[in-house]
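If you want the building blocks of each chain, they are given just below.
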8 protein chains.
Amino acid sequence: MDERNVRILQAVAELGTGSPDEISEYTDIPKSTVHYRLTKLKEDGVVSNDLLDVDLEALGLEITVVTEVIAEYDEQYHEDVGEQLAAIEGVNQVYFTMGDTDFIVIAHLADREMVHRLISDYEAIDEVVRTSSQFVVETVKDEPHPLNDFELETVVESIADED
Amino acid sequence: MDERNVRILQAVAELGTGSPDEISEYTDIPKSTVHYRLTKLKEDGVVSNDLLDVDLEALGLEITVVTEVIAEYDEQYHEDVGEQLAAIEGVNQVYFTMGDTDFIVIAHLADREMVHRLISDYEAIDEVVRTSSQFVVETVKDEPHPLNDFELETVVESIADED
Amino acid sequence: MDERNVRILQAVAELGTGSPDEISEYTDIPKSTVHYRLTKLKEDGVVSNDLLDVDLEALGLEITVVTEVIAEYDEQYHEDVGEQLAAIEGVNQVYFTMGDTDFIVIAHLADREMVHRLISDYEAIDEVVRTSSQFVVETVKDEPHPLNDFELETVVESIADED
Amino acid sequence: MDERNVRILQAVAELGTGSPDEISEYTDIPKSTVHYRLTKLKEDGVVSNDLLDVDLEALGLEITVVTEVIAEYDEQYHEDVGEQLAAIEGVNQVYFTMGDTDFIVIAHLADREMVHRLISDYEAIDEVVRTSSQFVVETVKDEPHPLNDFELETVVESIADED
Amino acid sequence: MDERNVRILQAVAELGTGSPDEISEYTDIPKSTVHYRLTKLKEDGVVSNDLLDVDLEALGLEITVVTEVIAEYDEQYHEDVGEQLAAIEGVNQVYFTMGDTDFIVIAHLADREMVHRLISDYEAIDEVVRTSSQFVVETVKDEPHPLNDFELETVVESIADED
Amino acid sequence: MDERNVRILQAVAELGTGSPDEISEYTDIPKSTVHYRLTKLKEDGVVSNDLLDVDLEALGLEITVVTEVIAEYDEQYHEDVGEQLAAIEGVNQVYFTMGDTDFIVIAHLADREMVHRLISDYEAIDEVVRTSSQFVVETVKDEPHPLNDFELETVVESIADED
Amino acid sequence: MDERNVRILQAVAELGTGSPDEISEYTDIPKSTVHYRLTKLKEDGVVSNDLLDVDLEALGLEITVVTEVIAEYDEQYHEDVGEQLAAIEGVNQVYFTMGDTDFIVIAHLADREMVHRLISDYEAIDEVVRTSSQFVVETVKDEPHPLNDFELETVVESIADED
Amino acid sequence: MDERNVRILQAVAELGTGSPDEISEYTDIPKSTVHYRLTKLKEDGVVSNDLLDVDLEALGLEITVVTEVIAEYDEQYHEDVGEQLAAIEGVNQVYFTMGDTDFIVIAHLADREMVHRLISDYEAIDEVVRTSSQFVVETVKDEPHPLNDFELETVVESIADED
């Protein structure tokens, strides 16, 4: 992995496309290079398919941390706090839940130093009262395409119910 | 949404591609129809970009549940239990964590009946001792492309450290 | 309060009616006595309105206990356990909840001896692992008619949404 | 269910009577209509008996939420906070308990949006420090007439003890 | 039990003696009456032995409540708070413990109203942040003379170790 | 403190009397010695008053431990377990409580070795699942005569209510 | 153990050496005395080896306390609080952990009075919100040389991985 | 760091000496090499002083994990379990504590794989019911020489009290 690859993959994520044209324009990397490198990344398994799903481990983002966040309890506070949590680097998912009215936050990180920074970033949010972070020993499943979590019939039925 | 759309979107998820050829072969829906419908789904916002990210709400998967699972404590048990949890319909992510050595599981569901079934499915795993599920009131962030969680420099630096 | 009053009020509760005819037939207390006594109970405030809502304190059911029940975790166990809990004398409400997958049970009782018996009854259910009971210091609200919990418009709107 | 039915049922709850005269006066719906509709609601099972017990599901109030409320700890605070909790729309029962000196609150709601509003309403009470809400998966028992929770003899004895 | 008996028993407790002379002087009840009544109380089992141990149930103090108290955390705060807790009516024991640095308080009370007052008294102490009270279902043992908790040899040995 | 003093004080506790006659008979220590030594113990402050309340510290019982005991949950189990707990040396009070249906146990001990033995004794009870012991840093109050916990009027009123 | 021995052992700890020269200079105790006494301490088992590891029990530091510290949650607060905790007398280890973002502190103490002082010292730190201390019943292992915790190969491999 | 250095440092830890003679005999590394390398390790800061304290980070043991262990509750179980915990590779300290009667275990590890193995090793102990591990973000203090935790006078006084 070099910087160019990272720039291309971030363009993919940011633009939501694998089009060499658009990526080239966004990154100033020649279109043919974009094309060549994307093909190479797919061959190397960093990108796993046509939908360009990236392999977190291959990118060095080996650490996953699940954090429970307890924040001060004020009217509508959860919108502000939720957005501040979402803006922290490495934070991938933020859920505002009913039980204990906390946030559950999932972050991907590269090393111990980033863990340290993540916790400092939580501390820097005024309304945050308390956090409890859990280190993930093993990610058993993390399916990028939720439809893969279902049998075809289940989703079809559920849609039928809706209508 | 009708059944054909669901079948096309599941083919996308399963095959990891948006190629009308492959989807047509997999679903027995004519290639032109696949093409037409994918374009339409994109226009309708069910599919948000070229990477064909789906909108869970548009698919009727409105409910997100975060569950803490405590299982019996035996050598290597977490591999078996983890796989059983991952195989339950609707389960999207399964993390084996260090604190309390539990699993944290995230599932997407369509309605109350599916919530009921999810909990019964957890109960049906022998080694599971206890579950505590939290209803998500609001999904503040759920980024399908983790690279969007970072500044360019952070990832570049982190790769440099690795090498 | 004497035994006749209790028998009449239980007939009301059991039959779901305040009709002196039906109550008389069910209790073998003469119809005119039923009528006279119901009127008297209303005057005395034991029964608060035409819907014959009873005043728990007037009946000597002064103690309210809220119990969290944790039961063994087996497939569909919650149906069996739920029914056993519901059948215990004094138990008024039984909820099977998502968080910790426990039951929350609300019971009304007359004295310490009945509290003792209630806890022994919980213990006698095989699948029950653990209970934690909380004594209610004050019942701030216990509205027998849930529609009183809402503004008219809220319910009307909610019905409109459904259709 | 249409608006007229809702208005009639709320009059029943508010006035504590099924008398068409009083309901008609309160709602400005002609007496004969009130009579006809109540009969119809009983036939449809929305109202289950002469005491006009309503079926929450039939009214669209499908969701039950049990909430633990922790409030600031000040002299007599629980009276104020208790009343504020009781005044929130959808809140059906409020208990001030001895353990942890919290409130346990039970609410009935129609949909996710109302859950969202309920939690915002809790947040809007200054003295409330923290809430933890549990979604009810199944209401195993919710007996509107507590006398049905007892054997006849138990209540008779308990009254004898009192005197 | 009448007021005179209560006054005599409180004099016993306050003065730490069963001497009719001293009790008579303290209470202004004639010495012979004191003597007669103490003998009678012993016969009735209200007072169980020569050491004049009283039977709490016979005095109507049927309720025992164990409370965990969490207080604000400030230098030496526990001395002030401890004394305030000890001064509350009905409070019998106050322990300042190492785990969680809380107080454990044991109180004897006569009825629900006194429970209510006890909790209000806790709330009235500024530094108290939170209390959790547990109702005692059964007092299995409450030995007024701790030496009865030991074998003779154990205490003898322990004294030998000291010297 | 020598062995004779200990034997006399245990006789006081066991027999519930300070009568030199009875103590002499029970201990085989001459009556005059009993009388002389009790007077001396009172002068030394080991025994604080005519009711012969002993000073735990003076007896070397300096350590107080409060233990929460969780036991297996079976019908009537709490009677058996309660008695076994009450029989352990050093255990002074055993309460069976409603919250979590655990026992709260208070013990007085002389040194670390006895703490070790106490915990082993808890472990040796089959039905005991888990214990959590708290070391008391300071006993703020431990009133041997509960009537001292009340104002005269409070007890008088409470008795009046009873009758 | 007399004061001179203590001074010599503290010099060893402070200077990180067993050299009689340096210790003599630091303590003003003649070099020959230092030499003689260190040899004697080793023979007596107070010092267990050439590395001069001391036996805590032999020094009278018999009590070990593990404390969880919860502190106010502010940016970088953990650095300040961590240092204040580390400076308290008797505190041997201070860990800032991810779960609940608390400190875990291990202290060695000589007697109850020092336990009392330790807890007062924690209370005196402004940012400390709450502490929970656990008394160690038995130190099963406390290895001064962490390399003894590993097989040779494990450390060799781990170093190989690094390079 | 190469294998020879590791072998020398483990000999130091195992033998409790820095004597080149003894280390040479134990490791079969020539005495002069031992001497040279120890001097070099001191210069490089891997070994910090004459007492040969090693720097964990320099050895690649960068991760510290604090684990709470809950084990089955049986007579004397804690001796067996304690020893099994102490024998796990990487485990440095094992405390059997009074609160919750659990073990607190501190381990040093080199990488994620060793964390994984550590948790599997805990799982492999039959009597272990549950573990909760906390990742240490920062070791604020870990003093190898406990005497450095005290002022001179404190230890002197404490010894005086003993005698």
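Since the structure is predicted, the reported quantities are computational estimates derived from the model, not experimental observations.

A. Summary view of the interface of chain C and chain E. Chain C puts nine residues into the contact, and the matching count from chain E is nine residues. By the criterion of area lost to chain E, the three top residues of chain C are C:Arg112, C:Phe135 and C:Val137, representing 62% of everything that side buries. Inspection of the region where chain C meets chain E yields zero salt bridges. Linking chain C with chain E are six residue pairs in polar contact (both at pLDDT 80 or more), by the criterion used here. Of all the secondary structure elements, the ones that give two or more residues to the side of chain C that touches chain E are helix H5 (112-123) and strand S4 (128-142) of chain C. Among the elements that make up the side of chain C that touches chain E, the one with the highest residue count is S4(C) (four residues). Grouping the amino acids of the side of chain C that touches chain E by side-chain chemistry returns five nonpolar, one polar and three charged.

B. Region of interest: the interface of chain D and chain C. Taken together, the contact between chain D and chain C spans 74 residues of the former and 75 residues of the latter. Between chain D and chain C, the buried area comes to about 6,600 Å², and carbon and sulfur atoms account for 60% of it. Sorting the residues of chain D by area buried against chain C places D:Leu51, D:Tyr95 and D:Leu147 first, and these three jointly supply 10% of that buried surface. Our count for the chain D to chain C interface comes out at zero salt bridges. Secondary-structure elements contributing two or more residues to the side of chain D that touches chain C are helix H1 (3-15), strand S1 (63-71), helix H4 (77-86), strand S2 (91-97), strand S3 (103-109), helix H5 (112-123), strand S4 (128-142) and helix H6 (152-162) of chain D. If one sorts the elements of the side of chain D that touches chain C by residue count, S4(D) sits on top with nine residues.

C. Region of the structure containing the pattern of salt bridges. What the rule picks out here adds up to 56 salt bridges over all chains. For B:Arg37, the salt bridge goes to B:Asp2, with nearest N and O atoms at 2.9 Å. On the criterion of sequence distance, the pair formed by B:Arg37 in helix H3 (residues 31-43) and B:Asp2 in the segment before helix H1 (3-15) is long-range, its members being 35 residues apart. Taking the shortest distance from any N to any O, the salt bridge between H:Asp149 and H:Lys141 comes out at 3.2 Å. In this pair, the class of H:Asp149 matches that of H:Lys141, namely buried.

D. Spatial organisation of the packing of helix H1 (residues 3-15) of chain C against helix H3 (residues 31-43) of chain C. Residues and elements named next belong to chain C. Where H1 contacts H3, the axes come no closer than 10 Å and their chain directions differ by 90 degrees. If you check the angle between H1 and H3, you find them roughly perpendicular. Taking contact as the criterion, the partners of Arg4, Asn5, Ile8, Leu9 and Val12 in H1 are, on H3, Thr33, Val34, Arg37, Leu38 and Leu41. When the residues that make up the contact of H1 with H3 are grouped by side-chain class, the tally is six nonpolar, two polar and two charged.

E. Molecular detail of the packing of aromatic side chains. All names here are of chain H. In total, this model carries twelve aromatic pairs over all chains according to the counting rule given. Look at Phe96 and Phe103: their rings are 5.3 Å apart centre to centre, the planes differ by 45 degrees, and that puts the pair in the tilted class. Phe103 matches Phe96 in its accessibility class, with the two residues each being buried.

F. Examining the environment of A:Lys42 more closely. All names here are of chain A. Take Lys42: it is sitting in helix H3 (residues 31-43). Judged by relative accessible area, which is 35%, Lys42 ranks as partly exposed. C-alpha separation for the pair Lys42 and Leu52, spaced ten residues apart in sequence, amounts to 7.9 Å. Contact partners of Lys42, with chain neighbours within four places excluded, come to Val47, Asn49, Asp50 and Leu52.

G. Structural detail: the nonpolar core. In this structure, B:Leu85 and D:Leu85 are the most contacted members of the largest nonpolar core, which totals 398 residues. With residues up to four places along the chain from it excluded, the contact list for B:Leu85 reads B:Val69, B:Val91, B:Val94, B:Phe103, B:Val105, B:Tyr122 and B:Ile125.

H. Fine view of the UniProt feature "domain: HTH asnC-type" (unreviewed entry) in chain A. Under the local residue numbering, the UniProt record ascribes the feature "domain: HTH asnC-type" (unreviewed entry) to residues 1-62 of chain A. With 55% helix and 0% strand, residues 1-62 of chain A has its two end C-alpha atoms placed 15 Å apart.

I. Spotlight on the sheet that holds strand S4 (residues 128-142) of chain B. Taken in spatial order, the eight strands close into a barrel running S1(A)-S3(A)-S2(A)-S4(B)-S1(B)-S3(B)-S2(B)-S4(A), and their pairing is antiparallel. When strand polarity is set aside, the average angle formed by the axes of neighbouring strands in this sheet is 35 degrees. Relative to strand S3 (residues 103-109) of chain B, strand S1 (residues 63-71) of chain B runs antiparallel, the two being bridged by seven bridges. Of the residues in S3(B), the one forming a bridge with B:Val65 is B:Ala107. Helix H5 (residues 112-123) of chain A contacts strand S1 (63-71), strand S2 (91-97), strand S3 (103-109) and strand S4 (128-142) of chain A of the sheet and is inclined by roughly 150 degrees relative to S3(A). Each of S1, strand S2 (91-97), S3 and S4 of chain B is contacted by helix H5 (residues 112-123) of chain B, which is oriented at about 150 degrees to S3(B), the strand it contacts most.

Thresholds applied
Residues numbered from 1 in each chain as written. Chains lettered and ligands numbered in written order. Predicted model: local features only at pLDDT ≥ 70, side-chain atom pairs only at ≥ 80, totals over all residues. Heavy atoms only, no water. Contact = heavy atoms within 4.5 Å. Buried area = accessible area lost by both parts, 1.4 Å probe. Salt bridge = Lys/Arg side-chain N within 4 Å of Asp/Glu carboxyl O. Polar contact = N/O pair within 3.5 Å; in protein donor to acceptor, adjacent residues only side chain to side chain. Helix = DSSP H or I, 4+ residues; strand = E, 2+ residues; numbered from the N terminus. Nonpolar A, V, L, I, M, F, W, Y, C, P; charged D, E, K, R; others polar. Buried < 20%, exposed > 50% of the residue type's maximum accessible area, 1.4 Å probe, protein only. Axes fitted to C-alpha atoms, helices over the stretch in contact; angles between N-to-C directions. Parallel < 35°, antiparallel > 145°, perpendicular 65-115°, else oblique. Phe/Tyr/Trp six-rings, centres within 6.5 Å; stacked < 30°, edge-to-face > 60°. Core = buried A, V, L, I, M, F, W, Y, C linked by side-chain atoms within 4.5 Å. UniProt positions renumbered as here; feature names shortened; annotations may be inferred. Pairing = 2+ DSSP bridges.

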